[in-house]
Every structure is written in structure tokens, then in C-alpha cells.
Amino acid sequence: MKRYGIVLAAGQGKRMKSKKYKVLHPVCGKPMVGHVTDALKQAGIDRTLVIVGHGADAVRDYLGEQAEYVMQHEQLGTGHAVLQAAPVLAEEEGLSIIVCGDTPLIQAATITRLAEVHEHSGAAATILTAEVEDPTGYGRIIRGENGEVARIVEHKDCTAEEAAVREINTGTYVFDNRKLFAALQQVTNHNAQGEYYLTDVFRILNDQGERIAALCIEDVAETIGVNDRVALAEAERYMRERIVNRHMLSGVTIIDPAHTYIESEVEIGADTTIYPGTILRGRTVIGEDCIIGPNADITDSRIGDGVSIRYAVLQEASVDSRTTVGPYAYLRPGSEVGSDARIGDFVELKNAKIGNGSKVPHLSYVGDAEVGEHVNIGCGAITANYDGVNKSRTIIKDHAFIGSNSNLIAPVTIGEGAYVVAGSTINQDVPDDAMAIARERQTNKLGYASRFRERMKSKKRES
């Protein structure tokens, strides 16, 4: 039986107080609607439709071909939103699984289980419910004498007795597809909000003698709907906890989970240790046996096995096995560091390739450069890659030695095994195995220092 996903994502989200469309607010680095569509995909949904309204173009730009789109021009309620998909789905056989686009914590396993409960029960519709301490604001699940679901009552339409019910509607449902769209034709807006409620479908189906099933979820956090920044932070907290637990159960040591931030797409190998203050973002991939942190900030980077990164920032960079980075290093986009290398304190790399076994120990800038294997770059050395108009490359070949406080004016090539003497400013190529010295001749003026000091004191007295 085919399964269709319908994601409700047309609301503006005024309570977010934001220029950003609500379902595009990120939770652990991924927009909320992305979490929802990914869960549907992992649950084996055959076809996903996203109901869009405000911010439709932004949602399309983000999801691309992952979904089909249906426009809800006027926001007249959840029933009206789903009805917009009728031209596409109304005649299809199968199941429709309806999920709100602002419920980023819903998991594929829950969607799968909900669909299985629906199929095994023979119901026309199945509701994902939850038991909560404070049901304020939620629609209540009203059960009949036989214990089956009779209807859902929105909070603002509840009687005092109905308001006391603690079993709530989470907003996630499974329907027989044809029965869903047939019932939607009968929904009216005769309620306190003047909207077409999707939940009225359950009353209509019940009146027709159809069975309504329910699955009460154990992890209530999965059902959190994000309507404001407070709920967004709550969802972020739950998602962060879920992510770090997943990594720890896969063999990663996280010293202090409460002070470690890992986004949803990050991959980490076994026996890697993550120290507090570490932030791992985007599609970062970290190998096995690494030491990451404390205070490492890594985005969209690839880290090999056995790497140590402390107090460092990496953006769109790669570091091969057994290399050390930091403390206080900055690897900017395009930086590629080989294996068994060392990038030390207060070193900045930008669009630079550093070969295997090479060292940039401290206080250096290497930008737009290709550095060979087993090169040593001394303290304070820089590649002057930008002349104010153009950026040029520096090439340093294998086994070269760059002395401290050297300036390499690009474009320039330092040959294999060449030696640049400390304090040199190099603006011409250095041949293989050559020594380059480019600095002013030193002049010593004997006895001048004391006369200079006396002259300075005299000027100070006169002033």
C-alpha cells in the first residue's frame, strides 16, 4: 500500500517575531521542515507533499526536489490546508500521513509505527496522542464508552469536563487517503476561530461508523510544536541531547554532553573523545581515535583518524590522520592539511595545502599556498598573497625550510630543499637546494646608543 506524506508548512509563525519563515528556523543546524521531511523519507514514504503559503519560495529553495508543493493562498485552518492537496491525492489509493512542519523532533520510527498500527487496526484514521501534565492549548482526545476515539476538541472549544482531559492530539495522523478527502468536503468553519479544522474529520468519520485508532507516544518530546523562540530553544535542547546520546552509544566519548554542541549531520568515529566547549556543525566528518577540544569550533570539515584539535576554528577544511591543530589556530575554507603534520598556536591557513609531515608551528599566516612534504615554516613567517587587487599563489616544495619572520611575496616558488634565512623578504623564485638571504646589511654604530639616549632626555627637558 502506498504511503503519502503531507507536511503542513503554510503558517506564517507570527509568534516567532522573525523575518525568517517559521519552518525554516534551524534546530541543531537543520531547518525544522528539513527534519520532518527527512523523517518521512527514512520512514519509507513514497511521495511527500508540502503545503506552503507564506514564504513558499524560501521553502522550495531549501527543499528543492525532495518534495512536491501545494499552495495554500489563504490560511483558513488545517482542514483547508490539507484540502489543497485534493487535486493531487484525492483519487489515490493508500495512506496519507500528515505531519506539521514545525515538529522537528518527530522520528522515522514513530511514523513507521503509527502507519503499522493504522494498517493492523483496520481504522479509517489513526491519531498520534500523548499524555501530558498540562494540556493547556492542545486539542483533547475524547474517547467513547468503548475506549475508542470519538472526536478531538480544540482547546478553545472545550467544555470544563473536556478541558480536564490530559490525553492530547499531537497533530500527526494517518488516514485512509480517499476517506480523508471525502470527509474534508464536509468540514465547516462553525467554531470559535472560524476555521476549517482537520480534526473535524474524525467526528465525521465516527458518525459514518468508521473506526478511529490512536497510538499514545512514550517520548512526548517528539511531539513538540515550535511556535515561538522559547519552544525553539526547548526543541534544540532535546535534539542536542538526542544527538550526543546517539554518538556516545556509537562509541564516542563526550566528556560533558551539556556543554557540547553537535549538529544533526555530523559524523564521528569510534574512540574519539570530545571535550567541553566543542561545536561541530554542518556536514563535518571526524575519524576514529581523535581528540577534539576543548573549545574546538568545526564546520563542514573532514578530519582523519588520530587527529588532535584544541582551541581551534576550522571552516570547510580537511585534516589528515595523526595531525595536530592548535591551540588557537584558524583553518579557513579551502585549507587541506596532510597527515603527521602540525599546525600550531596562532597560525592561520586560508586556501592552503600543507603536505604530509610539514610544520607551521606558531604565529604564521599561509594563504593561497601549496606547501610540500616535510617543510618547516618558522615563527612569524607569512605568504603575502594579496596585493590589493589580485591574489597570487606561493609554492613551497618538499623539505624546504622557511626561517622565522620571513615574507614570501606571491607569486613565488621556493624550491625543493631550499633554505630561506630568517628575516628575509623573498620576491623571486628560489631554486632547489639554494639558500636565499634577502635583508638589509646590518650596521653597528659604536657608542651611539648612549648619545642617542642623552639627546632624547635633553629634548624631554626642553619640552
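Residues numbered from 1 in each chain as written. Predicted model: local features only at pLDDT ≥ 70, side-chain atom pairs only at ≥ 80, totals over all residues. Heavy atoms only, no water.

Asks: What is the right way to read the overall build of the protein from this model?
Replies: Of regular secondary structure, the protein possesses 10 helices and 39 strands. Over its C-alpha atoms the protein spans a radius of gyration of 32 Å, topping by over 25% the 23 Å that the globule rule assigns to 463 residues. Seen through its C-alpha atoms, the protein measures out along the principal axes to roughly 110 × 60 × 40 Å. Looking at the protein residue by residue over its 463 residues, the buried ones come to 48%. (Helix = DSSP H or I, 4+ residues; strand = E, 2+ residues; numbered from the N terminus. Rg over C-alpha atoms; globule rule 2.2 N^0.38 Å. Buried < 20%, exposed > 50% of the residue type's maximum accessible area, 1.4 Å probe, protein only.)

Asks: Just checking my understanding: could you explain the pattern of salt bridges for this structure?
Replies: Evaluated as defined, the whole model comprises 19 salt bridges. As a salt-bridge pair, Lys30 and Asp38 come within 2.5 Å of each other at their nearest N and O atoms. Residue classification places Lys30 among the buried positions, given a relative accessible area of 11%. For Asp368, the salt bridge identified is with Lys350, shortest N-O distance 2.8 Å. On the criterion of sequence distance, the pair formed by Asp368 in strand 30 (residues 365-371) and Lys350 in strand 28 (residues 348-354) is long-range, its members being 18 residues apart. Residue Asp368 is classed as buried on the basis of its relative accessible area, which comes to 5%. (Salt bridge = Lys/Arg side-chain N within 4 Å of Asp/Glu carboxyl O.)

Asks: Quick question: what am I supposed to make of unusual backbone geometry here?
Replies: Only a minority of non-glycine residues have a phi that is not negative, and only a minority of peptide bonds are not trans. The residue after Gly293, namely Pro294, is reached through a cis peptide bond having omega 5°. Turning to its location among the elements, Pro294 is positioned in the loop between strand 18 (291-292) and strand 19 (297-299). Residue Pro327 is reached from Gly326 by a cis peptide bond, and omega for that bond is 5°. Along the chain, Pro327 falls in the loop between strand 24 (324-325) and strand 25 (330-331). With a phi close to 50°, Cys28 is a non-glycine residue in the positive phi region.

Asks: How do you make sense of the nonpolar core when you look at a structure like this?
Replies: Note that soluble globular proteins tend to have their nonpolar side chains buried in a common cluster. Counting residues in each nonpolar core, the largest one holds 62 residues, and the members touching the most others are Ile309, Leu314, Leu331, Ile343 and Ile414. Those elements that place two or more of their residues in this core are helix 9 (229-249), strand 13 (261-262), strand 28, strand 30 and strand 36 (412-414). No other element matches helix 9, which puts 6 residues into this core. Here Ile343 is in contact with Thr324, Val325, Gly326, Ala329, Leu331, Val337, Leu349, Ile354 and Val360, once residues within four sequence places are set aside. (Core = buried A, V, L, I, M, F, W, Y, C linked by side-chain atoms within 4.5 Å. Contact = heavy atoms within 4.5 Å.)

Asks: Would you explain helix 5 (residues 108-121) in this entry?
Replies: The periodicity of an α-helix, 3.6 residues per turn, causes residues three or four places apart in sequence to face the same way. Its 14 residues give helix 5 an end-to-end C-alpha distance of 20 Å, which sits within 8% of 20 Å, the value for a rise of 1.5 Å per residue. Residues Ala108, Thr110, Ile111, Leu114, Ala115, His118 and Ser121 constitute the buried set of helix 5. Contacts made by the buried residues of helix 5 are with strand 1 (3-9), helix 1 (32-42), strand 6 (95-100), strand 7 (125-131), strand 10 (167-176) and strand 11 (212-216). Where helix 5 ends, the next residue or the one after it, Gly122, has phi of about 70°, a positive value. (Expected span 1.5 Å × (residues − 1).)

Asks: Explain the environment of Leu408 to me, please; I cannot follow it from the model alone.
Replies: With respect to the helices and strands, Leu408 occurs in strand 35 (residues 407-409). We classify Leu408 as buried; its relative accessible area is 2%. In this structure the C-alpha to C-alpha distance between Leu408 and Ala381, which are 27 residues apart in sequence, comes to 7.9 Å. Ignoring any residue separated from it by four or fewer positions in sequence, one finds Leu408 in contact with Ile382, Thr383, Ala384, Thr394, Ile396, Ile402, Ile414 and Ile426.

Asks: Which parts of the structure should I look at to understand the packing of aromatic side chains?
Replies: To describe a pair of aromatic rings, you give the distance between the ring centres and the angle between the ring planes. Tallied over the entire structure, the rule returns 7 aromatic pairs. Considering the side-chain rings of Tyr173 and Phe175, the 5.9 Å spacing of their centres and the 55° angle between planes classify their relative orientation as tilted. Grouping residues by exposure puts Tyr173 and Phe175 together as buried. Judged by centre distance (6.2 Å) and plane angle (25°), the ring pair of Tyr448 and Phe452 falls under stacked. On the criterion of helical spacing, the pair formed by Tyr448 and Phe452 is a turn pair, its members being 4 residues apart in helix 10 (residues 448-462). By relative accessible area, Tyr448 is classed as partly exposed at 32%. In this structure Phe452 comes out as partly exposed when scored by relative accessible area, which is 39%. Taken together through their ring pairs, the aromatic side chains of Tyr173, Phe175 and Phe202 make up a single cluster. A cation over a ring is seen here: Lys391 above Tyr386, with NZ or CZ 5.7 Å from the ring centre. (Phe/Tyr/Trp six-rings, centres within 6.5 Å; stacked < 30°, edge-to-face > 60°. Lys NZ or Arg CZ within 6 Å of the ring centre and 35° of its normal.)

Asks: Would you mind going over helix 8 (residues 200-207) with me for this structure?
Replies: Looking at helix 8, one finds that the buried residues are Asp200, Val201, Phe202, Ile204 and Leu205. Structurally, helix 8 contributes buried residues whose contacts are with strand 7, strand 9 (149-153), strand 10, helix 7 (177-184) and strand 11. The positive-phi residue at the C-terminal boundary of helix 8 is Gly209, with phi of around 85°.

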